[in-house]
Number of protein chains: 4
Amino acid sequence: MNFASDNVYGVHPKILAALADVNGGTAPSYGGDDQTKRAEEMLKEIFGCELRAFLVTSGTAANGLALSTITPGFGAIFCNAEAHIAVDECNSPEFFTGGAKIIGLNGPGGKITPRQVEKALKGFIRGEHDPKPKGVSLTNATELGTVYSPSEVKAFSDLIRPRGMKLHMDGARFANAVAGLGCTPAELTWKSGVDVLSFGATKNGAMMLEAVVFFDLGLAEDFAYRRMRGGQLLSKSRYLGAQMIAYLEDGLWLENARRANALAQRLAKGLTAGGKVRIPNPVEANEVFAVMPKTMFDRLQASGAKFYDWMPDSLGDAIRPDEIFARFVLSFATPEEEVGAFARLVAEG
Amino acid sequence: MNFASDNVYGVHPKILAALADVNGGTAPSYGGDDQTKRAEEMLKEIFGCELRAFLVTSGTAANGLALSTITPGFGAIFCNAEAHIAVDECNSPEFFTGGAKIIGLNGPGGKITPRQVEKALKGFIRGEHDPKPKGVSLTNATELGTVYSPSEVKAFSDLIRPRGMKLHMDGARFANAVAGLGCTPAELTWKSGVDVLSFGATKNGAMMLEAVVFFDLGLAEDFAYRRMRGGQLLSKSRYLGAQMIAYLEDGLWLENARRANALAQRLAKGLTAGGKVRIPNPVEANEVFAVMPKTMFDRLQASGAKFYDWMPDSLGDAIRPDEIFARFVLSFATPEEEVGAFARLVAEG
Amino acid sequence: MNFASDNVYGVHPKILAALADVNGGTAPSYGGDDQTKRAEEMLKEIFGCELRAFLVTSGTAANGLALSTITPGFGAIFCNAEAHIAVDECNSPEFFTGGAKIIGLNGPGGKITPRQVEKALKGFIRGEHDPKPKGVSLTNATELGTVYSPSEVKAFSDLIRPRGMKLHMDGARFANAVAGLGCTPAELTWKSGVDVLSFGATKNGAMMLEAVVFFDLGLAEDFAYRRMRGGQLLSKSRYLGAQMIAYLEDGLWLENARRANALAQRLAKGLTAGGKVRIPNPVEANEVFAVMPKTMFDRLQASGAKFYDWMPDSLGDAIRPDEIFARFVLSFATPEEEVGAFARLVAEG
Amino acid sequence: MNFASDNVYGVHPKILAALADVNGGTAPSYGGDDQTKRAEEMLKEIFGCELRAFLVTSGTAANGLALSTITPGFGAIFCNAEAHIAVDECNSPEFFTGGAKIIGLNGPGGKITPRQVEKALKGFIRGEHDPKPKGVSLTNATELGTVYSPSEVKAFSDLIRPRGMKLHMDGARFANAVAGLGCTPAELTWKSGVDVLSFGATKNGAMMLEAVVFFDLGLAEDFAYRRMRGGQLLSKSRYLGAQMIAYLEDGLWLENARRANALAQRLAKGLTAGGKVRIPNPVEANEVFAVMPKTMFDRLQASGAKFYDWMPDSLGDAIRPDEIFARFVLSFATPEEEVGAFARLVAEG
């Protein structure tokens, strides 16, 4: 029973097979291969618009590179205080942007609100004594398993676009957000004003693959240079392209996400069935965050179930000393029976 | 007939198979997996010493990250003017080091000499008006298919170590150098004073894999932070570890290199057989650089053979206007019959 | 009546005269002049210890350069959330450090506590997923006119030194802190564990002058390179040295600070005399922060008195909507009669 | 007899007096003062065009900040191999630009030619494998005392403007160039296609003062942020404004430069009178570079005359082992009698 993260699982068989399928013969390197081109075409089809897509090997690199197109080193990006770019990437956004400020706002349920951003912007009225506000980054699905709807996303765009700021979406779990919302990828991105998206694939079945997808084509202008300089242009690029093709083909990406999301719902039900566990935020993607008695936490861990004691500062007094805020992540590959077995374990307590 | 680069070929079947072998079940992420640990152990065995090894996905990242441990932004690194770090990485070394100066010296045959470095250092006597000399980077095998022997490497170390400078080796084609020299990996690195090595695997059979190998353990101290910040710590790290294990197991890495080197020798013979082509530098690894009549170049290209017109500034007047300096790269996977067929093509001219 | 800042006043006559005194003849440039050397010697005498001091032209540069010696780009520095380095320098610390994270803690009265730092450090247990904690920066006197005593400073050092972290002091108003505490410069710095100090002079009578003073000599090793690279090594360096000599000579720096501090006490008395104004934090240096009715604020401003409506986020609910948190800064050059006149203005309301 | 540099002399009395003149009372800080505004207005008058000018304290900072507006970290700037930005600023351009490549070309007489740049650009045809060519920087007057005429400058602009590249002029000795050419400041800058100018004042009579002058107003858009972040926005900014006003008023800047240039002519005549010294490049500003017998060099130095043995790599074989390439710099403040005395010393040899 491993609910520690969606990255503890391997690669979807179809994606693994795709690597073998492209292995024969020679291919142009450094992105000149057919697979890389086809992957970009497929993303255009899926998003239903003109776009530019660049493949990279990690979500941290995707975020840093994406942010570097919307803020110079003297700029500021607003995001949730728990966002991956704020607290999980070892200053990588600062590195790729040349020192921009990542300003974390303590929003509810892993989200932030346009109102919070608007209020924060009121502190930026002294010209060059402050960094220049350049963008907002929304994590969708969020770090707490909630999602921003298209209309919620659009509200940010409506606020910041007139101020010349850009909207980034960290979509490490974008598939889970789309699957959870039942909307189209277009609705959740460019139709809602997203300028650039970190389109995640690794957590949802790929091996090492993210795409930086530009809906604002101007931002993409020099991105090839940025990716190269960042050490993210692979020589044998066909293996990224092949992963992406397999990930998108026949809707595998959404199928995987739907499965993981459904398991999350099931696990949430199992957790709360006995009345000892509460789930403060809605379960809208593939993660479940639950407040449980410490004694239960210890018992479940002792039984071999793997999941984390999560400690977001934002929780504050909402949790008692004898309670644990636990995180469970479900994957496309989590065995269904393990979710059932875990529910039984919970019930035993 | 594709001699354009060693990266136009795919992945060695054993390495591809290794990816599938580790695909089942769950594994700790971010380098906590067994494969990553085993890969480091195998590198210790192969180099016969204590070391620290960190896996990354590109040679550019390996170089930039490695250099960042030996120079601050106010430092200088000396290398050959044709070195990958000098002219092929879009300021990536500057990016990872925070702005260090990469000083290219025009050395013979793709190499530089300790004497050149010593002379260059004489220009750094004004304290902080110059950047601080912090290291030398040797590409081995070089960009022109030659190699530095252990004693040649040691001469650099003897020169710079007393000055507090460090020695980096860009080993994108390290296997080819070891195979060409017939020495041990230890002799070519730490026994000759190399402090940190970019140990390449991609060009020689892996999919996307390089290791930054530290013989000077002090340099490795905070490298985990550097790799993370650089977007090079993969969540599903087992797939890098598995590649490395397969690459090293049973000497596959040297076997591949030996094959490519042997093909290079054979191709060189085919080129020069007719007396119209000259090869200025010794063929010591898996690349052949040949001066040929432009007419021959055009004819060979027209016949479908793929290889590059190389244009190193350092050649200067050594080439006539009606000649081309052509590069041929041989791979572990280059079909032997293509080398033969190419030789026949040359002979026809 | 100008209480807007201590930087709205000019240069102390003795310091201005010193510029003219050194103007004749030639002098070695780039720090090789006698004045620069003498300035460093005088700082050694004043601090009573071996040290290295480097003159620069702005407090922002002093802070950024100082921090760059204690943290790499993948590190983190803890400070008060209102600290100049956190909110007033347009990402300059991030620029000079290559992207380090400046983590602002909401401490009381413009200060932070070792306990807060200790708690924050508990969030840094995941290795390279977080930046590496590298230092603490204390502003002394603080941005809210309070001071850290030597024993308070030492408590930070005791906490962080065993963890390999360094202690920086932003002493833009260091003279005011020393004068306010009545301690020695040594007691407030190296005897309390400060490793590097931004020693301010501009606000307290110089023209453009700060010194980066290293008590940890190891940190100073390459500082000359950092200063040069940062554009802070002046060719006509004698004019910085001369300012510093005049600033220190015969205790002018402390005399100026004492005068400003005394005026702050007097202004505080004048403000609170009528019972309508409260001063939440002790007035310990040359700044007064007062909560006053908005009507009074408007009336005083209309009368021509210059001072700012300060808006630190940390105040929170401690202030009513009909109140203003106002800042008054007193300078060595503030006319005494203006403080008296202002007190009368307040009393009239 | 001090001909070591123009920065060994002090401040022109009128500029020194200006500092005292503005010392009384209070003034807005951080560039809000009247002097700063007036300085910008005067520069508009002198250049006869709309422009934006920002005052900073060093030429290194002026260059780095100026270049940061024309190149991102993945870009390249072409200049002479002896340019200050290439070899005298300890990687400061790399620092301010976030790692751009400064590419030094070995041009004649301290200059480069459009043809050289054009040829160099031919090496940048591989897209993101190379940095992106973003600008050319011309030092005027050059590091070898020669000048670019307006038509020479324009030829660079004609070449690079269609390629989207920008033209920077390092005018640390801009006054000497204008004086030497007898042209207008407008002719040498915006009329010839210069986009941004580092307008030097320190060497020619100011204390610590350079202006970054933008003729391409778009480049200036966020410059206030860049200057602040770079630690170059002074709080007591009036003292920079006052220096600039005095420097420009009544043509002091050109008067100073003319005097220095005339002394350079006179010194050159004195050097060559005896037939033992040759001056390879024309003396067009305030510097004289002379090839002299080593014996003469030693004798002159022994007599107390201060000047440097210059060692530009570009000289190559043009100098014999028993010769020295010596630099003499003349200042607005060099005593005329010392030039005469030096000529007599030379004649004695």
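Residues numbered from 1 in each chain as written. Chains lettered and ligands numbered in written order. Predicted model: local features only at pLDDT ≥ 70, side-chain atom pairs only at ≥ 80, totals over all residues. Heavy atoms only, no water.

Visitor: Residue-level account of the domain arrangement of chain A, with values.
Guide: Reports of interface size often rely on the accessible area that becomes lost once the parts have come together. All names here are of chain A. Structurally, chain A comprises domain 1 (15-252) and domain 2 (253-348). Its C-alpha centre places domain 1 at a distance of 27 Å from the equivalent point of domain 2. Tallying the contact residues gives 28 residues for domain 1 and 24 residues for domain 2. Between domain 1 and domain 2 lies a buried interface of about 2000 Å² when both sides are counted; carbon and sulfur atoms form 55% of it. If you sort the residues of domain 1 by the area they bury against domain 2, Leu144, Asn176 and Leu252 come out on top, with a joint share of 25%. Here domain 1 and domain 2 share 1 salt bridge between them. Its salt-bridge partner being Arg173, residue Glu287 comes within 3.2 Å of it at the nearest N-O pair. Between domain 1 and domain 2 we count 14 residue pairs in polar contact (both at pLDDT 80 or more) in total. Within the residue set of the side of domain 1 that touches domain 2, elements represented by two or more residues are helix 8 (174-181) and helix 11 (238-248). (Domains from an automatic or database assignment. Contact = heavy atoms within 4.5 Å. Buried area = accessible area lost by both parts, 1.4 Å probe. Salt bridge = Lys/Arg side-chain N within 4 Å of Asp/Glu carboxyl O. Polar contact = N/O pair within 3.5 Å; in protein donor to acceptor, adjacent residues only side chain to side chain. Helix = DSSP H or I, 4+ residues; strand = E, 2+ residues; numbered from the N terminus.)

Visitor: Account for the relation of the copies chain B and chain A, with residues named and values stated.
Guide: Two copies of a chain can be linked by a rotation about an axis combined with a shift along that same axis. Between chain B and chain A, the superposition needs a rotation of 180 degrees and an axial shift of 0.0 Å, giving an RMSD of 0.0 Å. Put plainly, the chains are arranged around a two-fold axis. The overlap is high: 100% of the interface residues of chain B also sit at the interface in chain A, so the same surface is used on both sides. (Least-squares fit on C-alpha atoms with pLDDT ≥ 70 in both.)

Visitor: Mind laying out the sheet that holds strand 4 (residues 132-139) of chain C, listing which residues take part and the relevant values?
Guide: All names here are of chain C. Read across the sheet, 7 strands follow the order 1-7-6-5-4-2-3 without closing on themselves; strand pairing throughout is mixed. The sheet is open, and its two edges are formed by strand 1 (52-56) and strand 3 (101-105), each paired on a single side. Averaged over all pairs of adjacent strands, the angle between strand axes in this sheet comes to 20 degrees, irrespective of strand direction. Looking at chain direction, strand 2 (residues 75-80) and strand 3 are connected through 5 bridges and run parallel. (Pairing = 2+ DSSP bridges. Axes fitted to C-alpha atoms, helices over the stretch in contact; angles between N-to-C directions.)

Visitor: Now, about the packing of aromatic side chains: what can you tell me, with residues and values included?
Guide: Going through the model one piece at a time under the given rule, you end up with 98 aromatic pairs over all chains. Judged by centre distance (6.0 Å) and plane angle (75 degrees), the ring pair of Phe307 of chain A and Phe342 of chain A falls under edge-to-face. With a gap of 35 residues between them, Phe307 of chain A in the loop between helix 13 (294-302) and strand 9 (308-309) and Phe342 of chain A in helix 14 (residues 336-348) connect regions that are remote in the sequence. Taking the relative accessible area as the measure of exposure, Phe307 of chain A reaches 5% and is therefore buried. Where Tyr247 of chain C meets Trp253 of chain C, the ring centres are 6.4 Å apart and the plane angle is 50 degrees; that geometry is what we call tilted. Grouping aromatic residues by their ring pairs yields a cluster made of Phe47, Phe174, Phe199, Phe215, Tyr247 and Trp253 of chain A. Between Lys111 of chain C and the ring centre of Tyr148 of chain C, over which it is positioned, the NZ or CZ distance is 5.4 Å. (Phe/Tyr/Trp six-rings, centres within 6.5 Å; stacked < 30°, edge-to-face > 60°. Buried < 20%, exposed > 50% of the residue type's maximum accessible area, 1.4 Å probe, protein only. Lys NZ or Arg CZ within 6 Å of the ring centre and 35° of its normal.)

Visitor: So what's going on with the UniProt feature "domain: Aromatic amino acid beta-eliminating lyase/threonine aldolase" (unreviewed entry) in chain A? Residues and values would help.
Guide: UniProt's feature table lists "domain: Aromatic amino acid beta-eliminating lyase/threonine aldolase" (unreviewed entry) at residues 3-292 of chain A, given in the numbering used throughout. Across residues 3-292 of chain A, the secondary structure splits into 39% helix and 16% strand, with the terminal C-alpha atoms separated by 16 Å. (UniProt positions renumbered as here; feature names shortened; annotations may be inferred.)

Visitor: Describe the confidence of the model for chain A, listing the residues and the values that go with them.
Guide: Interpretation of this model should avoid reading the predicted coordinates in detail wherever pLDDT is low. Residue-level pLDDT values for chain A average 96, and 98% of them are 70 or greater. ipTM for the predicted complex: 0.97, alongside a pTM of 0.97. (pLDDT = per-residue confidence, 0-100.)

Visitor: Describe the interface of chain B and chain A, listing the residues and the values that go with them.
Guide: Listed per partner, the contact involves 46 residues of chain B and 46 residues of chain A. Roughly 3800 Å² of surface becomes buried between chain B and chain A when both sides are summed, with 61% attributable to carbon and sulfur atoms. It is Phe95, Arg229 and Lys236 of chain B that lose the most area in chain B upon contact with chain A, and together they represent 20% of the buried surface on that side. Seen at the junction of chain B and chain A, the total is 0 salt bridges. The interface formed by chain B and chain A contains 26 residue pairs in polar contact (both at pLDDT 80 or more). Contributions of two or more residues to the side of chain B that touches chain A are made by helix 1 (13-21), helix 3 (59-68), helix 5 (92-97), helix 10 (223-229) and helix 11 (238-248) of chain B. If one sorts the elements of the side of chain B that touches chain A by residue count, helix 11 of chain B sits on top with 4 residues. Of the residues contributing to the side of chain B that touches chain A, the split by class is 20 nonpolar, 20 polar and 6 charged. (Nonpolar A, V, L, I, M, F, W, Y, C, P; charged D, E, K, R; others polar.)

Visitor: Can you explain the interface of chain D and chain B? Please cite residues and give values.
Guide: Listed by partner, the interface residues are 19 residues for chain D and 19 residues for chain B. Ranking the residues of chain D by area buried against chain B places Cys90, Asn91 and Lys101 of chain D at the top, with a combined share of 38%. Where chain D meets chain B, there are 4 salt bridges. The salt bridge partner of Lys101 of chain B is Glu94 of chain D, with a shortest N-O separation of 3.0 Å. Across the chain D-chain B interface, the total number found is 16 residue pairs in polar contact (both at pLDDT 80 or more). Broken down by element, the side of chain D that touches chain B gets its largest block of residues, 3 residues, from helix 4 (residues 84-87) of chain D. Considered class by class, the residues forming the side of chain D that touches chain B number 7 nonpolar, 5 polar and 7 charged.

Visitor: So what about the relation of the copies chain D and chain B? Which residues, and what values?
Guide: With an axial shift of 0.0 Å and an RMSD of 0.0 Å, the rotation relating chain D to chain B amounts to 180 degrees. When the interface residues of chain D are mapped onto chain B, 100% of them are again interface residues, pointing to one common binding face.

Visitor: Could you give me a rundown of the sheet that holds strand 9 (residues 308-309) of chain C, with the residues and numbers involved?
Guide: Residues and elements named next belong to chain C. Across the sheet, which stays open at both edges, the 3 strands sit in the order 8-10-9 with antiparallel pairing between neighbours. Edge strands, defined here as strands with exactly one partner in the open sheet, are strand 8 (287-293) and strand 9. Across 2 bridges, the pairing between strand 9 and strand 10 (residues 323-329) is antiparallel. Looking across to strand 10, one finds that Tyr308 is bridged to Arg327.

Visitor: Tell me about the pattern of salt bridges, residues and numbers included.
Guide: Residues and elements named next belong to chain C. Under the defined criterion, the tally for this structure stands at 80 salt bridges over all chains. When the shortest N-O distance is used, the salt bridge between Glu323 and Arg320 registers 3.5 Å. Under the relative-accessibility criterion, Glu323 is labelled buried at 11%. Judged by relative accessible area, Arg320 falls into the partly exposed class, the value being 48%.

Visitor: So, the pairing of strand 2 of chain C: which residues are in play, and what are the values?
Guide: All names here are of chain C. The element strand 2 is extensively covered by neighbouring structure, given that 6 of its 6 residues are classed as buried. Here strand 2 pairs with strand 4 via 4 bridges, running parallel. When the bridges of strand 4 are listed, Ala76 appears paired with Pro133.

Visitor: Tell me about the environment of Gln301 of chain C, residues and numbers included.
Guide: Residue and element names in this part refer to chain C. Looking at the secondary structure, you find Gln301 in helix 13 (residues 294-302). A relative accessible area of 29% places Gln301 in the partly exposed class. Separated by 300 residues in sequence, Gln301 and Met1 place their C-alpha atoms 10.0 Å apart. Side-chain polar atoms of Gln301 contact the backbone oxygen of Phe307, separated by 2.6 Å.

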